[in-house]
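Residues per chain, in single letters:
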Amino acid sequence: MAFLQSEPRNRIELSGQEMLAISHAINNEFAPRFTKHNTVCAGSMTFSVQELLAISQEISREYAPRTAENSTRLVLLPVDPHRLHAYWHLAENSLNPSPKLAEEDQLTLRIFKQADRPLPETANVAEQAPHWFDIPIDKAQSRQEVIVPADTGFADAKFSAAIGESRGEQGFTVLAYSNSTDIPSPRLYRDDAGLSGALAQFIMPAMSASSPRGKAAPVEQNKDSR
Amino acid sequence: MNKGYLSIVLHAHLPYVHHPEYDSFFEESWLFEAISECYLPLIAMLDRLQEDHVDYRLTLSLSPTLLTMWRDPLLQSRYLGHLQRQLELVEKEIVRTRDQPEYQQLAEMYRQFFRGALCSYRDHYQCDLAAAFEKHRQTGKLELITTAATHGFLPLLNTSETAVRNQIKTGVDTFKACFGFQPTGFWLPECGYFPGLEKVLADAGVGYFFVDTHGIMDAEQAPRNGVYAPLACGHGVAAFGRDPASSRQVWSAEEGYPGDADYREYYSDIGFDLELDYIAPYILDGSTRTNTGIKYHRVTGSNLPKAIYRPKQALAKAEQHARDFIHQRQLQVDALSAEMDLPPIIVAPYDAELFGHWWFEGPHWLEAVLRLASRSDNGIQTVSCKDYLDLRLPLQMATPSASSWGEHGYSSYWLNESNDWIYPLIHKADAELKKLVGDLQGLTVNALQQRALNQAVRSLLLAQASDWPFIIKSGTTVEYAKKRITDHLARFNYLYDAIRKNRIDERYLTALEVMDDIFPDIDFRDYCPVSG
């Protein structure tokens, strides 16, 4: 029987909930999908989801990042007006191998308020640097937070560092020099900014140490107190 | 007559979360929740303002990772699936709450909300949110700006100018590829600034950026207008500072509007509140409680049992808060304009995701603020920072101070004992990539090598995102954040090794291109120091 000749039939009665359930079922099963049958097409290649995952896991396992490298390296980063962060990697052959000296040597991080001229490449630079201070380092360490002395002319300066072996009176053998870095000015909303009354009125009260910073979402902060 | 200007800036950003290697992936819901609760409501707000011919200006920063995810077919498809599941759950809720009329009304409100989201997203905007915002840019009301490629925290990438330059250039290029024009403004990730950055921004064609208040106030030369006029930093670039007063009214945990007792409580979600057996099909793996987007309570107040949410009351409060916000800005402009030698501009930047996601009524508040600000009798005009610069006013020359808008105002949230292990790894990868690209200068590479090199740059960019150290410090999804960094660096290491040994497996490379499907036009040759 041709389609047009078919007998008209009464439409099936469906409740709103039934229609909704059918709509959901169709949407869930037949909505357009980027992945078809759990596969992803890229150009002429097709990947199953499992294959992508296997490749990802294999690479993560076999090529996990490591800090170890052949060269010796020291990096200095600014944290805030009072702190620097140093990290380093010392190649295995860079430390003094002499057992006699090893006991006396103290691995040391030397922080320089950067000199106007470049640091020389030779050892025993301490005397030539205008300002510096030392932090003794344990040989197992690879990073150090550095508190910048507040009262010795170190504020608002450019810094660099050297890591080396200190032998008391006998000097300092440099193993690596760092980059140079600036720390921010330690002034916090200086009082001498010369702001007029209106400007100060809107800026200074909100400048207390407890002022909110943008990134901390208020709702997030309030979670526990609610 | 206008005495001063108000520039509201929303920064929309989410990290790149894209996992075709799984049938579904929980962290992709960050995007889905933000689409439903933030981006679609903001677009709807702009549509209403346009319909009503409201004269407003608003600035929206769109991160390249967010733009990429918006346009990703897999994520678009998964978002539609997410909405379908929410609609299914809300139908169950309407049945479950049949004997609790107040709860049932809210369930019906959510049904309308999710249906509206589905209709807007799928039918009205054809899943293209970028185009929806672009439409409003073309009306001249919305200014679109960009940010760094993967939202890298630039002060801690600054051991390598190449890394900083690449984040900025790739960010600008992605924006241009999406919208077809050069952005004038640039949102520094986390407002992270260091002196000298303005030169790199200028090289990328950027005309202005934002810093936190103390970035301006602690500038090299005292800012004579505080944060209420930009500083000219040289190289044709201007820095605008965040106004602390308007920020505090919205951001402050203690005094901010979103904490009002009448607003919807973000943390009261049926994913956590109902029986596990009932909610299991709609939460992670059927066993780990997660947000569902259905929330029945209001903030209420500390140490009180949570009271039921009353939408009308909440919306009325949002309008009241909008009036208060505008009134405070009027007082501010009146006082500032009397003493300043330039018309004051109040810059009020916020994370876009605050509006609607964290603060459910936020889009309603913002709409009311823009409507009120558009009235000609209030002495305030909303502008973009570009509009202000176009006035060609004589700006004070000064270099801002290093700063960020993170806790304590500098870099410590992104560099501390919880996350300092990241930096040796990403700096090392940066050095290796620079060396590799340098070694290839002047040499011809074949198509496969070029793809591998470009993918290596993508892997490094993705590892540099500021979101991962932020999450690790905040203690939320720490394991996922750690895995993202180590996975991207492992992918970099794999590609680096394959390129160096000239053993590139095209199938593996293609798999990585599928998984990290971002920055299609990137060119590895840009990853080298700028000569001179």
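Heads up: the structure comes first, above all this text.
Computed from a predicted structure; not experimentally measured.

Draft legend 1. How the structure looks around the nonpolar core. Within the largest apolar cluster, 211 residues are counted, with the highest numbers of intra-cluster contacts made by L10, L31, Y39, W70, F240 and W365 of chain B. Setting aside anything within four residues of it in sequence, one finds L10 of chain B in contact with L42, L58, T59, L60, S61, Y350, A352, F355 and L366 of chain B. L84, L90, I111 and F133 of chain A belong to the second largest nonpolar core, which has 21 residues in total.

Draft legend 2. Expanded view of the interface of chain A and chain B. If you look at the interface, chain A gives 74 residues, while chain B gives 93 residues. Between chain A and chain B, roughly 7,300 Å² of surface is buried when both sides are summed, and carbon and sulfur atoms account for 64% of that area. On inspection of chain A and its partner chain B, the count reaches two salt bridges. For D420 of chain B, the salt bridge is made with R143 of chain A, and the minimal N-O distance between the two is 2.5 Å. Of all the secondary structure elements, the ones that give two or more residues to the side of chain A that touches chain B are α1 (16-30), β1 (39-42), β2 (45-48), α2 (49-62), β3 (73-80), β4 (83-89), α4 (197-203) and α5 (218-221) of chain A. With nine residues, the single largest contributor to the side of chain A that touches chain B is α2 of chain A. A class-by-class count of the residues in the side of chain A that touches chain B yields 38 nonpolar, 20 polar and 16 charged.

Draft legend 3. Seen up close, helix α4 (residues 101-124) of chain B. Counted at 1.5 Å a residue, the expected span for α4 of chain B with its 24 residues is 34 Å, and the 32 Å between its end C-alpha atoms agrees. For α4 of chain B, the complete set of buried residues consists of Q104, L106, A107, Y110, F114, A117, L118 and Y121 of chain B.

Draft legend 4. Looking closely at a nonpolar patch on the surface. Among the surface-exposed residues, I12, L14, M19 and I22 of chain A lie close enough to one another that they form a single nonpolar patch of about 400 Å² accessible area. When you line up the elements, L14 of chain A lands in the segment before α1.

Draft legend 5. Local environment of the packing of helix α15 (residues 422-439) of chain B against helix α18 (residues 478-500) of chain B. All names here are of chain B. One can describe the packing of α15 onto α18 by two numbers: an axis separation of 11 Å at closest approach and a directional angle of 25°. With respect to their mutual orientation, α15 and α18 come out roughly parallel. Of the two elements, α15 crosses α18, and the hand of that crossing is left-handed. Note on element contacts: α18 touches α15 through I485, L489, F492, N493, Y496, I499 and R500, opposite I422, L425, I426, A429, E432, L433, K435, L436 and D439.

Draft legend 6. The sheet that holds β4 of chain A, seen in detail. Reading across from one edge, β3-β4-β7 (chain A) is the order of the three strands in this open sheet, with antiparallel pairing throughout. Lying at the two open borders of the sheet, with one neighbouring strand each, are β3 and β7 (143-147) of chain A. Recorded for the sheet is a direction-independent mean angle of 20° between the axes of neighbouring strands. Direction of pairing for β3 of chain A relative to β4 of chain A: antiparallel, over a ladder of seven bridges. In the sheet register, L77 of chain A faces β4 of chain A, and the bridge partner there is H85 of chain A. Strands in contact with α15 of chain B are β3 and β4 of chain A; relative to β3 of chain A, the strand with the most contacts, it is inclined by about 125°.

Draft legend 7. Focus on the packing of aromatic side chains. Residue and element names in this part refer to chain B. A full pass over the atoms with the stated rule returns 44 aromatic pairs over all chains. Aromatic pair F32 and Y79: ring centres 5.9 Å apart, planes at 40°, arrangement tilted. Taken as a pair, F32 in helix α1 (residues 29-51) and Y79 in helix α3 (residues 73-96) lie far apart in primary sequence, 47 residues in all. A residue is classified by how much of its surface remains accessible, and Y79, at 0% relative accessible area, is buried.

Draft legend 8. Quick peek at the environment of P258 of chain B. All names here are of chain B. Structurally, P258 can be placed in the loop between α9 (244-251) and α10 (270-273). Overall, the relative accessible area of 3% leaves P258 in the buried class. Here the alpha-carbon distance between P258 and F360, two residues 102 residues apart in the chain, equals 8.5 Å.

Draft legend 9. Structural context of unusual backbone geometry. Residues and elements named next belong to chain B. Unlike most non-glycine residues, H151 shows phi in positive territory, near 65°. By secondary structure assignment, the location of H151 is in the loop between β3 (142-147) and α6 (161-179). Not every positive phi belongs to a glycine, and H235 is a case in point at roughly 60°. By secondary structure assignment, the location of H235 is in the loop between β6 (231-232) and β7 (238-241).

Draft legend 10. Representation of the side chain of Q249 of chain B within the structure. Residue and element names in this part refer to chain B. If you trace the backbone, Q249 turns up in helix α9. Of the polar contacts made by the side chain of Q249, one reaches the side chain of R329; its length is 2.7 Å. If we skip the residues at most four places from it in the chain, Q249 touches E255, G256, Y257, D324, F325, Q328 and R329.

Draft legend 11. Quick look at the pattern of salt bridges. Residue and element names in this part refer to chain B. This model, assessed by the stated rule, comprises 48 salt bridges over all chains. Between E143 and R57 there is a salt bridge, with the nearest N and O atoms lying 3.4 Å from each other. Highlighted residues: E143 in strand β3 and R57 in the loop between α1 and β2 (58-62), separated in sequence by 86 residues. By the burial criterion, E143 is buried, and R57 matches it. Several salt bridges converge on common partners, so that one network encompasses R48, D52, E367 and R371.

What counts, and where the lines are drawn
- Residues numbered from 1 in each chain as written.
- Chains lettered and ligands numbered in written order.
- Predicted model: local features only at pLDDT ≥ 70, side-chain atom pairs only at ≥ 80, totals over all residues.
- Heavy atoms only, no water.
- Core = buried A, V, L, I, M, F, W, Y, C linked by side-chain atoms within 4.5 Å.
- Buried < 20%, exposed > 50% of the residue type's maximum accessible area, 1.4 Å probe, protein only.
- Contact = heavy atoms within 4.5 Å.
- Buried area = accessible area lost by both parts, 1.4 Å probe.
- Salt bridge = Lys/Arg side-chain N within 4 Å of Asp/Glu carboxyl O.
- Helix = DSSP H or I, 4+ residues; strand = E, 2+ residues; numbered from the N terminus.
- Nonpolar A, V, L, I, M, F, W, Y, C, P; charged D, E, K, R; others polar.
- Expected span 1.5 Å × (residues − 1).
- Patch = residues over 30% accessible without salt bridge, like charges linked within 9 Å, V, L, I, M, F, W, Y side chains within 5 Å.
- Areas by Shrake-Rupley, 256 points an atom, 1.4 Å probe, with all protein chains shown as cover.
- Axes fitted to C-alpha atoms, helices over the stretch in contact; angles between N-to-C directions.
- Parallel < 35°, antiparallel > 145°, perpendicular 65-115°, else oblique.
- Left-handed = near helix turned anticlockwise from the far one by under 90°.
- Pairing = 2+ DSSP bridges.
- Phe/Tyr/Trp six-rings, centres within 6.5 Å; stacked < 30°, edge-to-face > 60°.
- Polar contact = N/O pair within 3.5 Å; in protein donor to acceptor, adjacent residues only side chain to side chain.

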